[in-house]
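One letter stands for each residue in the lines below.
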Amino acid sequence: MSYEWHWEVLWQSLPILLEGVRITVLASLITMIAALVLGLMVALARIAGGPLGALAYVYVEFFRNSPQLMVVVWVFTVLPLVTGITLSPLLSGIVALTLNVSAFVAEVYRAGITSIPAGQTQAGLALGMTRIQLYRRVLLPQAVARVIPPLGSYWVGLFKDTSLLAVIGVAELMYQGRLVATDTYRPVEIFTGVALIYYVLAYPQSLGVNFLFRRFRVQE
Amino acid sequence: MSSTAYTWHFEAFYRHLPFLLEGIRNTALVSVLAILVGSVVGLVAAVIRLYGPRPLRWLVAFYVDFVRSTPLLVQLVWVFFALPILVDRSLPPLAAGVLTLGVYAGGYLAEIFRAGILAIPSGQRHAALALGMTGRQVLGRIILPQAVVRMLPPVASTFISLVKDSSLVSVISVAELMWASQSLVGFTMRPVEVLTGTAFLYVALTYPLSLLAGILRKRYLAV
């Protein structure tokens, strides 16, 4: 029952785990940037309506409702066979997570834009603004404040979800953890250490997101 | 592009559909058990965090923050590979999966329940206490019946997330849909059709649930 802890194994393996942290951060950053751009296009397509809007709806619902692990495995295994394009595991993972996160991000943008009273759109158009001017000068600046806090939540979620990329062999933190745990025969210390590293990295981020929610609270 | 054109063989998927449906059964089982475990854990955690003694409150706050700040996959691997060594007792994959998903969801549900309870005006609690009700009676007869309605939409969303996240227990070889799909890939050598078909099976499972959650949200949150 009494377990003999060997924390020195964790200390010795720390450099390898931190190498994984680097990939975790890199994958999260690239995915988030790509998802912010793709999500905006999807949101605008959905608001515009028509066949493109319908396509955007299917995109959003499909990727919001399918498990991330499923999409990660699908992009890694199926995409090369169907298209003939082979991506590295890291790039496949980033593509898969981008598909997933952009669907959620698109809904955040859409909610941010459509929550601005329609009177403002009508007023802007009545003043002779073009659609593009309306978006750039009236709608988007206000929408930004409404979308920043929920985007922060999705960022923290994404940061944790990059651990799924371990399944397709991307050497991020979780993958390195499994590698070291097998090498050292010390799964207890290593996996506890991996969990603590994630906690130390992600918890301050969620505190930051809580701050954003308070800071950008919209008063109506 | 014609040289890379792929010839689809979806019959590999259709022929083995019963095998995948068996996986769906386990996906449903794991998700339902996990939401039940999560609801109990979450309710206890929410009540302690609101009304419990101070050190216990801190402990529960740490639990909630910890499960929400670490990846589910890490928790799952920890429970399956590290916990058995610590307690010197082996844990079957299904039990480990349900336990992890339940405790994970419990962290999210605790916050949902807490917010739901806090949304009931405190005057009602004071009034009930003034009428001589015990703390337990106030919670069971006054607060929770009203709070449950507000909690329904976010609980439904949590359940949908659990159905999707239950795919992770394939990593510890619980025979749910994701696991069934991957073993079928090995058996049929048709990853394209099997994985694509499975993705649609998941969406067929979760999309109606999302629509339902949307209806609940309109009905109960627009009060």
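Since the model is a prediction, treat every value here as computed from it, not as a measurement. (Residues numbered from 1 in each chain as written. Chains lettered and ligands numbered in written order. Predicted model: local features only at pLDDT ≥ 70, side-chain atom pairs only at ≥ 80, totals over all residues. Heavy atoms only, no water.)

Here we look at the confidence of the model for chain B
Quick reminder of the rule: For every residue, the predictor reports its confidence as pLDDT, a number between 0 and 100.
In this model, chain B carries a mean pLDDT of 94, and residues with pLDDT of at least 70 account for 97%. The complex prediction reports pTM at 0.92, with the ipTM value standing at 0.91.

Brief notes about the environment of B:Arg114
Residue and element names in this part refer to chain B. Condition: Only runs of H or I of at least four residues qualify as helices and only runs of E of at least two qualify as strands under DSSP, and these elements are numbered from the N terminus. Whether two residues are in contact is decided by their heavy atoms: any pair within 4.5 Å suffices.
In this structure, Arg114 sits in helix 5 (residues 93-118). A sequence separation of 105 residues divides Arg114 from His9, and the C-alpha atoms of the two residues are 51 Å apart. For Arg114, the contacting residues outside a window of four places in its chain are Ala46, Arg49 and Leu50.

Examining the pattern of salt bridges
Residues and elements named next belong to chain A. Selection criterion: The term salt bridge refers to a side-chain nitrogen of Lys or Arg lying within 4 Å of a carboxyl oxygen of Asp or Glu.
This model, assessed by the stated rule, comprises nine salt bridges over all chains. In this structure, the salt-bridge partner of Glu61 is Arg64, at a minimum N-O distance of 3.3 Å. You can see Glu61 and its partner Arg64 sitting in helix 2 (residues 50-65), three residues apart, about one turn around the helix. One salt-bridge network, held together by shared partners, links Arg46, Glu107 and Arg110.

Topic: the nonpolar core
Heads up, the condition is: What we call a nonpolar core is a set of buried Ala, Val, Leu, Ile, Met, Phe, Trp, Tyr and Cys residues that are connected through their side-chain atoms within 4.5 Å. Between buried and exposed lies partly exposed: a residue is buried under 20% and exposed over 50% of the maximum accessible area for its type, with that area taken using a 1.4 Å probe on protein chains only.
By size, the foremost hydrophobic cluster in this structure holds 103 residues, and its most contacted members are A:Met174 and B:Met151. No other element matches helix 1 (residues 7-48) of chain A, which puts eleven residues into this core.

What to know about the interface of chain B and chain A
Quick reminder of the rule: Here the buried area means the combined drop in accessible surface, using a 1.4 Å probe, for two parts upon being joined, counting both sides. What qualifies as a polar contact is a pair of N or O atoms within 3.5 Å, subject to a donor-acceptor requirement within protein and to the restriction that residues adjacent in sequence count only when both atoms come from side chains. Residue polarity follows a fixed list, in which Ala, Val, Leu, Ile, Met, Phe, Trp, Tyr, Cys and Pro are nonpolar, Asp, Glu, Lys and Arg are charged, and the others, Gly among them, are polar.
On the chain A side, the residues contacting the 44 residues of chain B number 40 residues. Across the chain B/chain A interface, buried area totals approximately 3,600 Å², and carbon plus sulfur atoms make up 74% of it. Where chain B meets chain A, there are zero salt bridges. Here chain B is connected to chain A by nine residue pairs in polar contact (both at pLDDT 80 or more). When contributions to the side of chain B that touches chain A are tallied by element, the ones reaching two or more residues are helix 3 (54-69), helix 4 (72-87), helix 7 (135-165), helix 8 (177-188) and helix 9 (191-221) of chain B. It is helix 9 of chain B that contributes the most residues to the side of chain B that touches chain A, 13 residues altogether. In the side of chain B that touches chain A, the residues fall into 29 nonpolar, ten polar and five charged.

Overview of the packing of aromatic side chains
The test is simple: Classification of ring pairs uses Phe, Tyr and Trp, with its six-membered ring standing for Trp, and accepts pairs whose centres are within 6.5 Å; under 30 degrees between planes counts as stacked, over 60 as edge-to-face, and the remaining range as tilted. Any Lys NZ or Arg CZ that is within 6 Å of a ring centre and within 35 degrees of that ring's normal is treated as a charge sitting over the ring.
Within the structure shown, the criterion is met by 19 aromatic pairs over all chains. Seen from their ring centres, A:Phe62 and A:Phe63 are 5.2 Å apart, and the 85° between their planes marks the pair as edge-to-face. According to the relative accessible area criterion, A:Phe62 is buried, its value standing at 17%. With relative accessibility at 14%, the residue A:Phe63 sits in the buried group. Arranged with centres 5.3 Å apart and planes meeting at 10°, the rings of A:Tyr199 and A:Tyr203 form a pair that is stacked. Taken together, the residues A:Tyr199 and A:Tyr203, both in helix 8 (residues 187-215) and four residues apart, mark about one turn of the helix. Residue classification places A:Tyr203 among the partly exposed positions, given a relative accessible area of 23%. When the ring centre of B:Tyr108 is taken as reference, the NZ or CZ atom of B:Arg68 above it lies at 5.6 Å.

What to know about helix 1 of chain A
Helical geometry: 3.6 residues make up each α-helical turn, so side chains three or four residues apart lie on a common side. All names here are of chain A. Our working rule: A helix's residues, less one, multiplied by 1.5 Å, set its expected span. A residue's bend is simply the angle between two axes: one fitted to the seven residues ending at it, one to the seven starting at it.
Between its first and last C-alpha atoms helix 1 spans 57 Å; for 42 residues at 1.5 Å apiece the expected length is 62 Å, and the two agree. Leu14 marks where helix 1 bends most, by close to 50°; the proline Pro15 follows one to four residues later. The first or second residue beyond helix 1 is Gly49, which carries a positive phi of 75°.

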